[in-house]
Amino acid sequence: MRREERSKWAILGIVVALALITASCSAGEATAPSEPEIGATTAATQPAEEPAAAEAEDTAPTQVNMAADGFLLGSQSWVALDRGFFEEENLDVEVSVYGTGIEAIQAVIARQADLGPALDFAVLNLAAAAEENMRVVGAIAAPEPGFHSLAVRNEINGPQDLVGTKIGFVEGTSEHFVTIRYLEQNGVDLTDVELVSF
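Teacher, can you tell me more about the pattern of salt bridges here?
Note on pairing: side chains with opposite charge can pair once their charged atoms come close. Taken as a whole, this structure holds 2 salt bridges when the rule is applied. With a shortest N-O distance of 2.6 Å, Arg-153 and Glu-155 are connected by a salt bridge. Given the relative accessible area of 49%, Arg-153 is considered partly exposed. Linking Arg-181 and Glu-184 is a salt bridge whose minimum nitrogen-to-oxygen distance equals 3.1 Å. Pair noted here: Arg-181 and Glu-184 are both in helix H7 (residues 174–185), with a separation of 3 residues, about one helical turn. Judged by its relative accessible area of 34%, Arg-181 falls in the partly exposed class.

Is there a simple way to explain H7 in this structure?
Note: α-helices contain 3.6 residues per turn, so residues at a spacing of three or four share the same orientation. When the terminal C-alpha atoms of H7 are compared, their 16 Å separation across 12 residues agrees well with the 16 Å that a helix rising 1.5 Å per residue should span. Residues of H7 that are buried include every one of Ser-174, His-176, Thr-179 and Leu-183, and no others. Phi for Gly-187, located one or two positions after H7, is positive at around 70 degrees.

Sorry, what's going on with a nonpolar patch on the surface here?
The grouping of Trp-78, Leu-81 and Val-97 at the surface amounts to a nonpolar patch, some 270 Å² of accessible area in total. We classify Trp-78 as partly exposed; its relative accessible area is 39%.

Where do I start with helix H3 (residues 72–83) in this structure?
Between its terminal C-alpha atoms H3 stretches 17 Å, which fits the 16 Å expected from 12 residues at 1.5 Å a residue. Of the surrounding secondary structure, the elements contacted by the buried residues of H3 are strand E1 (62–69), helix H4 (85–88) and strand E2 (91–98). Once H3 ends, the next one or two residues include Gly-84, with phi positive near 80 degrees.

What is the right way to read the nonpolar core from this model?
Generally speaking, nonpolar side chains in soluble globular proteins are found buried as a group. Ranked by size, the top nonpolar core spans 13 residues in total, and within it Ala-67, Ile-105, Ile-109, Ala-113, Val-123, Leu-126 and Met-134 carry the most contacts. Contributions of two or more residues to this core are made by helix H5 (101–109) and helix H6 (120–127). Ranked by residues supplied to this core, first place goes to H5 with 6 residues. Among all residues touching Ile-105, those that are not within four sequence positions of it are Gly-116, Pro-117, Ala-118, Val-123, Leu-126 and Met-134. One finds Met-66, Ala-80, Val-93 and Val-95 within the second-largest nonpolar core, a separate group that totals 7 residues.

Mind showing me how you'd approach the side chain of Ser-77 here?
By the secondary structure assignment, Ser-77 is in helix H3. A distance of 2.6 Å separates the side chain of Ser-77 from the backbone oxygen of Gly-74, its partner in a polar contact. Those residues in contact with Ser-77 that sit more than four places away from it in its chain are Met-66, Ala-68, Phe-86 and Val-95.

Reading the values: the criteria
- Residues numbered from 1 in each chain as written.
- Predicted model: local features only at pLDDT ≥ 70, side-chain atom pairs only at ≥ 80, totals over all residues.
- Heavy atoms only, no water.
- Salt bridge = Lys/Arg side-chain N within 4 Å of Asp/Glu carboxyl O.
- Buried < 20%, exposed > 50% of the residue type's maximum accessible area, 1.4 Å probe, protein only.
- Helix = DSSP H or I, 4+ residues; strand = E, 2+ residues; numbered from the N terminus.
- Expected span 1.5 Å × (residues − 1).
- Patch = residues over 30% accessible without salt bridge, like charges linked within 9 Å, V, L, I, M, F, W, Y side chains within 5 Å.
- Areas by Shrake-Rupley, 256 points an atom, 1.4 Å probe, with all protein chains shown as cover.
- Contact = heavy atoms within 4.5 Å.
- Core = buried A, V, L, I, M, F, W, Y, C linked by side-chain atoms within 4.5 Å.
- Polar contact = N/O pair within 3.5 Å; in protein donor to acceptor, adjacent residues only side chain to side chain.

Rendered as structure tokens:
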């Protein structure tokens with residue numbers, strides 16, 4: 001009988017010890033309270049202040065660093081700031097301007113920004129370099145066919161006239177992809193033109 005009682009007390013002691021360890025671990029960064037004086041009110045009888053602190057934290061705006069280009073894609077962030085869309089969502093957004101959407105995405109990958117918009121091909125090209133540090137959460141718009149245009153000199157009347165010419169593009173963008181696909185689909189070998197990255 002005594003052995004059973006000792007086992008029960010041992011199990012109870014382990015449960016109490018685990019409960020105390022769990023409680024002390026869940027306190028997080030809070031400092032351990034000093035030994036209470038005799039007759040002092042314990043924490044269990046004092047009103048808890050944690051809900052008020054948690055409520056204050058809930059109302060604090062979330063800090064967001066957004067990378068944006070100085071063109072059409074970046075304009076959305078300025079419109080959202082101007083119209084108070086971020087404020088409505090309790091966000092404190094700081095926008096950093098980059099030359100292109102590619103550079104904005106590179107800033108996200110380098111953890112210099114939390115998010116940034118870019119054209120589809122730029123995002124897909126850089127996704128492989130992201131090493132699980134980036135994901136696409138939504139599409140803003142989809143272009144209609146004919147959205148991309150190839151501006152040429154007057155004497156160029158078709159794809160075959162591009163042989164021996166220089167074609168400028170911004171590397172890694174959708175225009176880069178579309179230009180290469182245009183040449184391929186029209187039988188122009190990439191070695192027959194000089195592609196110049198701006």
